[in-house]
Amino acid sequence: MWQFFHKLGSPKWFYGIAGRFMPWLLGLGLVLSLAGIVWGLAFAPQDYLQGNSYRIIFIHVPTAFLAQSVYMMMAVAGVITLVWKMKLADVFVRAAAPVGAILTVLALFTGAVWGKPTWGTWWIWDARLTSMLILLFLYLGIIGLSHAYSDEKTAARAVAVLTVVGVVNIPIIKYSVNWWNTLHQPATFKLTEKPTMVPEMWVPLLLAVLGTYLLFGWVSLYRMQTEVLRRERRTRWVKDVIAAGGGSQLKSGGA
Amino acid sequence: MAFDSFSAFIIMEGHGPYVWTCYGVFFLLMALITWLSVRDRRRVVRTQQREQTVASPGQTDTVRNERTGGGFQRIPTSQSESISKS
C-alpha cells in the first residue's frame, strides 16, 4: 500500500502505467457506450407514458451521473492535495475539471430538451435543476481559479479548498428529488433496490453509464499525461518522450 | 427494432427533434473535449520541441540533451562570498 503510494508520486511511473491502461479504457468505453446508445435508441421498447422522448435518458443519466461522480473524485483528490501534498492529485483535479464541466453542460442541456415534451417547459427553478446548475458554476470556478495563480503550489491549495468545500452540493443534488417537491423523476438506479424499469431499458442504460465512465477514465488519463509532460519538462525522460513526438506509451518499461 | 421503418425511427412520433438534438450535442461536445485534449498535448510537445532546438541548434539528439541537462549554473564559492562582503 505505502509502496504503491510512493510509486504514485513518481511521474514517470504514472505516465507509463496510464499509457498501458488507456487503449483498453478507450476501446472498451467506446464499445460499451455505443452499444448502450444504439440499443437504447433503436431497440429498447417505448415508454408507456413518455413515448420516445425518454430515449434521451441513455445520454442524460450517464452524463449527469458522471458529472457528480467526477466531482466526488476531484474532492477526494483535493483532500489528498491538502493533507499529503501529492502533486498527482492536483494534476487530476486540473485535468478532470473541464471534462466535468462539459458533462454537466450535457446533463443540463439534455435535461432541458427532455423537459420540453415531458413537462412542457425547458427549465424550472426547482431543487434538482438548480443544484445541478450550481455544480456547473463550481466546475467553472475551479477552472478559473486554477489559472488565476502563477505559482503552482498556491494554485493547487486554493483549487483543493474550493473543490472540497463545494462537495456539500453533491448530497443536495442526490437527495433533492426526495427532499423537495420537484418535476424531476426519482433515481433509476439504487444500490438497495431493484431498478424500476424493465431490463430492456435499464441494461442498455447501465452499458451507457459504464462506457461513459471508461471514456472519462481515458480522457482524464490523457489530460493528466499532458500536464505531467508540462510540469516535468526539465527531466530527462520527458525530453525523450517529447523528442519521440509525445505519444502516450512509454517506449522502455521500468522506472 | 422498436420501430417499423427507418423514417419512423427518425421521426419518433414527433419526439425525433428533441431526441436527435440531444444526441447531436452529446457527440459534438464529446468530440470537442477530445479535440481540446489532443490540441493541449500537441501544444505542450511543440513548445518543448522548439525550446530544445533553440537551446542548441544544429546539434544531434544526444548532445542536445546533455547540453540542456547541464546548462550554466551559479555555484556559490567561498571566494564570491568574501568578495560580496568586502
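Residues numbered from 1 in each chain as written. Chains lettered and ligands numbered in written order. Predicted model: local features only at pLDDT ≥ 70, side-chain atom pairs only at ≥ 80, totals over all residues.

A. Molecular detail of the overall build of chain B. From N to C terminus, chain B includes four helices and zero strands. Sequence-ordered secondary structure for chain B, helices as α and strands as β, is α-α-α-α. (Helix = DSSP H or I, 4+ residues; strand = E, 2+ residues; numbered from the N terminus.)

B. Structural view of the overall build of chain A. Of the regular secondary structure elements, chain A holds nine helices and zero strands. Ordered by position from N to C terminus, the α and β elements of chain A give α-α-α-α-α-α-α-α-α. Relative to the globule expectation of 18 Å for 255 residues, the C-alpha radius of gyration of chain A, 20 Å, shows essentially globular dimensions. Taking the principal axes of its C-alpha atoms as reference, chain A extends roughly 60 × 35 × 30 Å. Burial analysis of chain A (255 residues in total) assigns 40% to the buried set. (Rg over C-alpha atoms; globule rule 2.2 N^0.38 Å. Buried ≥ 20, exposed ≤ 12 C-beta atoms within 10 Å, placed from the backbone.)

C. Focus on the domain arrangement of chain A. Residue and element names in this part refer to chain A. Partitioning chain A into structural domains gives domain 1 (10-45 + 198-255) and domain 2 (60-189). Here the C-alpha centre of domain 2 lies 21 Å away from the C-alpha centre of domain 1. Domain 1 puts 14 residues into the contact, and the matching count from domain 2 is 14 residues. Considering each element in turn, the side of domain 1 that touches domain 2 owes the most residues, 13 residues, to helix α8 (residues 199-231). Of the residues that constitute the side of domain 1 that touches domain 2, the class distribution is ten nonpolar, two polar and two charged. (Domains from an automatic or database assignment. Contact = placed C-beta atoms within 7 Å. Nonpolar A, V, L, I, M, F, W, Y, C, P; charged D, E, K, R; others polar.)

D. Structural view of the interface of chain B and chain A. With 28 residues of chain B at the contact, the number on the chain A side is 35 residues. Every element with two or more residues in the side of chain B that touches chain A is listed here: α2 (16-55) and α3 (61-70) of chain B. Of the residues forming the side of chain B that touches chain A, the biggest block, 18 residues, is contributed by α2 of chain B.

E. Structural view of the packing of helix α3 (residues 57-84) of chain A against helix α6 (residues 152-166) of chain A. Residues and elements named next belong to chain A. Following both chains from N to C, one finds α3 and α6 inclined at 135°, their axes separated by 8 Å at the closest point. By the angle between their directions, the pair α3 and α6 is classed as oblique. Crossing angle aside, the handedness with which α3 passes α6 is left-handed. Side by side, α3 and α6 meet where Met 74, Ala 75, Gly 78, Val 79, Thr 81 and Leu 82 of the first sit next to Ala 156, Arg 157, Ala 160, Thr 163 and Val 164 of the second. For the contact of α3 with α6, the residue count by class is seven nonpolar, three polar and one charged. (Axes fitted to C-alpha atoms, helices over the stretch in contact; angles between N-to-C directions. Parallel < 35°, antiparallel > 145°, perpendicular 65-115°, else oblique. Left-handed = near helix turned anticlockwise from the far one by under 90°.)

F. Looking closely at the nonpolar core. Ranked by size, the top nonpolar core spans 72 residues in total, and within it Ile 56, Ala 67, Val 70, Phe 92, Val 93, Ala 96 and Leu 103 of chain A carry the most contacts. Looking at this core, the elements that each hand over two or more residues are α2 (11-43), α3, α4 (87-119), α5 (127-146), α6, α8 and α9 (236-243) of chain A together with α2 of chain B. The element best represented in this core is α4 of chain A, accounting for 16 residues. Lining this core are residues from two domains, each supplying at least three of them: domain 1 (10-45 + 198-255) and domain 2 (60-189) of chain A. Ala 67 of chain A has contacts with Gly 100, Leu 103, Thr 104, Ala 107 and Leu 135 of chain A, leaving out every residue within four places of it along the chain. (Core = buried A, V, L, I, M, F, W, Y, C linked by C-beta atoms within 7 Å.)

G. Geometry of α6 of chain A. The end-to-end C-alpha distance of α6 of chain A, which contains 15 residues, comes to 21 Å, matching closely the 21 Å that a straight helix rising 1.5 Å per residue would cover. On its buried face, α6 of chain A is in contact with α3, α4, α5 and α7 (169-179) of chain A. (Expected span 1.5 Å × (residues − 1).)

H. Region of the structure containing unusual backbone geometry. Residue and element names in this part refer to chain B. For Met 12, which is not glycine, the phi torsion reads 55° and is therefore positive. Residue placement: Met 12 occurs in the loop between α1 (6-11) and α2. For Glu 13, which is not glycine, the phi torsion reads 55° and is therefore positive. Secondary-structure assignment places Glu 13 in the loop between α1 and α2. On the basis of neighbour counts, which here come to 11 C-beta atoms within 10 Å, the residue Glu 13 falls in the exposed class.

I. Geometry of the environment of Phe 137 of chain A. With respect to the helices and strands, the residue Phe 137 of chain A is situated in helix α5. A count of 13 C-beta atoms within 10 Å places Phe 137 of chain A in the partly exposed class.

J. Examining the confidence of the model for chain A more closely. Of all residues in chain A, 94% attain a pLDDT of 70 or more, and the chain-wide mean is 88. At the level of individual helices and strands, chain A shows its lowest average pLDDT in helix α1 (residues 2-8) of chain A, which scores 63, and its highest in α3 of chain A, which scores 94. (pLDDT = per-residue confidence, 0-100.)

K. Representation of α5 of chain A within the structure. All names here are of chain A. Over its 20 residues, α5 runs 28 Å from end to end, which matches the ideal 28 Å to within 8%, given 1.5 Å per residue. Within α5 the residues assigned to the buried category are Arg 128, Leu 129, Met 132, Leu 135, Leu 138, Tyr 139, Ile 142 and Ser 146. The inward-facing, buried residues of α5 contact α3, α4, α6 and α7.

L. Quick look at the environment of Tyr 213 of chain A. Residue and element names in this part refer to chain A. Tracing the sequence through the fold places Tyr 213 in helix α8. Judged by the 18 C-beta atoms lying within 10 Å of it, Tyr 213 falls in the partly exposed class. In this structure the C-alpha to C-alpha distance between Tyr 213 and Phe 65, which are 148 residues apart in sequence, comes to 9.3 Å.

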